[in-house]
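# A closer look at the structure
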Amino acid sequence: MTELQYELKFRTSVSTFTGLAIAGLVDRMIVRNDEGLPCISGSSVKGRWRFFAERLLRADGLPADLWIHDSNGPLCKDNPCTLCRLFGSPAVPAMLQVGQAELDASLKSLFKALLDSDPNPVIHPDTEIRPGICLSRFRRTALPDHLFFEEAVPPVIFSGQLIIVDSISPAERQFLDISGRLVDRLGGRKAVGRGILEGGIRINGGSV
Ligand SMILES: [Zn+2]
């Protein structure tokens, strides 16, 4: 087993939403950890990562030991492809476990102090509240009564833990590095440019 850290450096505000809302006040709220601090779930990070890993594996010119199942073929089972081995499939447990991304240690105390200074349950002082409108799909004009408010975390650094449960080859390790760096953005509100990453998912610390 190998334990590594990953880092997400955002260039724009980020919104990974829960299903929670406070009716008429803040319509979409961001995910928070058990201390009430903004965080990004490991499954959100892994989902985007997997998408870029698959795209990379479907490209030509990779070393022969990095391969992917036929997109129309049966699911991998006994001799899984690189994608299923690393990211898992219904029949294969994932070798890569992605922990929740938390605010970088240097920022946690700042965010905590902000939250403690103003324990407002609706408007959190550590996030920005952004207004938005819904557009009519057909007329491309704003729909009446569809102004909404949502939370966004200012562009900061998040970090989390990666666990590789088995031993991976140097090529697979390098593949994780490269596919992680390709991840362009995370979270909701792509249309307004939210959640853009600088340098993708960056793995640091340790080696296999
Ligand atoms: Zn596969």
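Per chain, residues are indexed from 1 in the order of the written sequence. Whole-chain, interface and lining totals are the exception, using all residues; otherwise, since this is a predicted model, local features are given only for residues with pLDDT of at least 70 and side-chain atom pairs are given and counted only at 80 or more. Based on all heavy atoms of the structure, the side-chain values leave hydrogens and waters out of the count.

### Observations concerning the side chain of serine 15
Let me state the cut-off plainly: Helix numbering and strand numbering both begin at the N terminus, where a helix is a DSSP run of H or I of at least 4 residues and a strand a DSSP run of E of at least 2. Summary of the burial criterion: residues with accessible area below 20% of their type's maximum are buried, those above 50% are exposed, and those between are partly exposed, where the area comes from a 1.4 Å probe applied to protein chains only. Polar contacts, as used here, are pairs of N or O atoms within 3.5 Å; protein pairs need one atom able to donate a hydrogen and one able to accept it. Residues neighboring in sequence count only if both atoms are side-chain atoms. Note on contacts: a residue pair qualifies if any of its non-hydrogen atoms lie within 4.5 Å across the two residues.
Note on placement: serine 15 falls in the loop between strand E1 (2-10) and strand E2 (39-40). Taking the relative accessible area as the measure of exposure, serine 15 reaches 0% and is therefore buried. Within the structure, serine 15 has its side chain in polar contact with the side chain of arginine 194 (distance 3.0 Å). What serine 15 contacts, discounting residues up to four positions off in sequence, is Ile30, Glu151, Ala152, Gly187, Gly188 and Arg194.

### Topic: the coordination of the zinc ion
This is how it is decided: Metal-coordinating donors are taken as N, O and S atoms lying within 2.8 Å of the metal, or within 3.2 Å when the metal is Na, K or Ca; because water is left out, some sites can appear incomplete. Irregular is the default label, applied whenever a site is not tetrahedral (four donors, all angles between 85 and 135 degrees) and neither square planar nor octahedral (four or six donors, opposite donors over 155 degrees apart, all other angles between 65 and 115).
The zinc ion binds to the protein through His69 (ND1), Cys76 (SG), Cys81 (SG) and Cys84 (SG), with metal-donor distances spanning 2.0 to 2.3 Å. What the four donor atoms of the zinc ion show is an angle range of 101 to 116° at the metal, which sorts the shape as tetrahedral. Linear spacing of the donor residues for the zinc ion on their chain is H-x6-C-x4-C-x2-C. As far as the burial class goes, cysteine 76 and cysteine 81 line up, both buried.

### Considering helix H3 (residues 105-117)
Put simply, the test is: A helix is expected to span 1.5 Å for every residue after the first. What the arc describes is the spread of directions from the helix axis to the C-beta atoms.
In a regular helix each residue adds 1.5 Å, so 13 residues correspond to 18 Å; H3 covers 19 Å between its end C-alpha atoms and thus fits that length. Among the residues of H3, those classed as buried are Leu107, Phe111 and Leu115. Looking straight down H3, one finds its buried side chains confined to an arc of 70°; they lie on one side. Opposite the buried face of H3, by more than 90 degrees, sit the exposed residues Ala105, Ser106, Ser109, Asp116 and Ser117.

### Considering the packing of aromatic side chains
By convention here, two paired aromatic rings are described through the distance between centres and the angle between planes. Which entries qualify depends on this criterion: Note on ring pairs: Phe, Tyr and Trp rings are taken, using the six-membered ring of Trp, and paired if centres are within 6.5 Å. Classes follow the plane angle, with under 30 degrees stacked, over 60 edge-to-face and the rest tilted.
A full pass over the atoms with the stated rule returns three aromatic pairs. Aromatic pair phenylalanine 10 and phenylalanine 158: ring centres 5.8 Å apart, planes at 90°, arrangement edge-to-face. Of the two residues, phenylalanine 10 is situated in strand E1 and phenylalanine 158 in strand E7 (residues 157-164); the sequence distance between them amounts to 148 residues. In this pair, the class of phenylalanine 10 matches that of phenylalanine 158, namely buried. Considering the side-chain rings of tryptophan 49 and phenylalanine 87, the 6.0 Å spacing of their centres and the 70° angle between planes classify their relative orientation as edge-to-face. Taken as a pair, tryptophan 49 in helix H1 (residues 42-57) and phenylalanine 87 in helix H2 (residues 82-87) lie far apart in primary sequence, 38 residues in all.

### Digging into the confidence of the model for the chain
Do not read the predicted coordinates in detail wherever pLDDT is low. What counts is decided by this rule: Residue-level confidence of the predictor is summarised by pLDDT, bounded by 0 at the bottom and 100 at the top.
When pLDDT is averaged along the chain, the result is 87; 89% of the residues meet or exceed 70. Mean pLDDT values for the elements of the chain range from 72 in strand E5 (residues 128-135) up to 97 in strand E3 (residues 96-98).

### Points about the pairing of E1
The condition is simple: Paired strands, as defined in this entry, are two strands with at least two bridges between them according to DSSP.
On E1, burial follows the alternation: Thr2, Leu4, Tyr6, Leu8 and Phe10 on one face are buried, whereas Glu3, Gln5, Glu7 and Lys9 on the facing-out side are not. As paired elements, E1 and E7 share eight bridges and run antiparallel to each other. The residue bridging glutamine 5 from the neighbouring strand is glutamine 161, located in E7. Both E1 and strand E8 (residues 197-204) contribute to a ladder of five bridges, which runs antiparallel. Residue leucine 8 lies in a different strand from E8, and its bridge partner there is isoleucine 201.

### What about the pattern of salt bridges?
Put simply, the rule is: The salt bridge criterion pairs a side-chain nitrogen of Lys or Arg with a carboxyl oxygen of Asp or Glu, the two atoms within 4 Å.
Under the criterion given, the structure shown has 13 salt bridges. Close ionic contact of arginine 32 with glutamate 151 constitutes a salt bridge, the shortest N to O distance being 3.2 Å. Here glutamate 151 lies in strand E6 (residues 142-152) and arginine 32 lies in the loop between E1 and E2, a separation of 119 residues in the sequence. For glutamate 151, a relative accessible area of 0% puts it in the buried group. Residue glutamate 150 pairs with arginine 189 through a salt bridge whose shortest N-O separation is 2.8 Å. Placement of glutamate 150 in strand E6 and of arginine 189 in the loop between helix H4 (170-182) and E8 is noted, with a sequence separation of 39 residues between them. What emerges from the salt-bridge pattern is a single network uniting Arg32, Asp126 and Glu151.

### Looking at the packing of H1 against H4
Rule in force here: Lines are fitted to the C-alpha atoms to define the axes, a helix being fitted only along its stretch in contact, and any angle between axes, read from their N-to-C directions, falls within 0 to 180 degrees. Geometric relationships in this document are graded by angle, where less than 35 degrees denotes roughly parallel, more than 145 denotes roughly antiparallel, 65 to 115 denotes roughly perpendicular, and other angles denote oblique. In a left-handed crossing the near helix is turned counterclockwise from the far helix by less than a right angle, and in a right-handed crossing that turn is clockwise.
Close contact between H1 and H4 brings their axes to 8 Å; oriented N to C, the two are set at 115°. One way to sum up the angle between H1 and H4 is to call them roughly perpendicular. Judged by the twist between their axes, the crossing of H1 over H4 is right-handed. Contact with H1, carried on its side by Trp49, Phe52, Ala53, Leu56 and Leu57, involves Phe175, Leu176, Ile178, Ser179, Gly180 and Leu182 of H4 and no other residues of that element.

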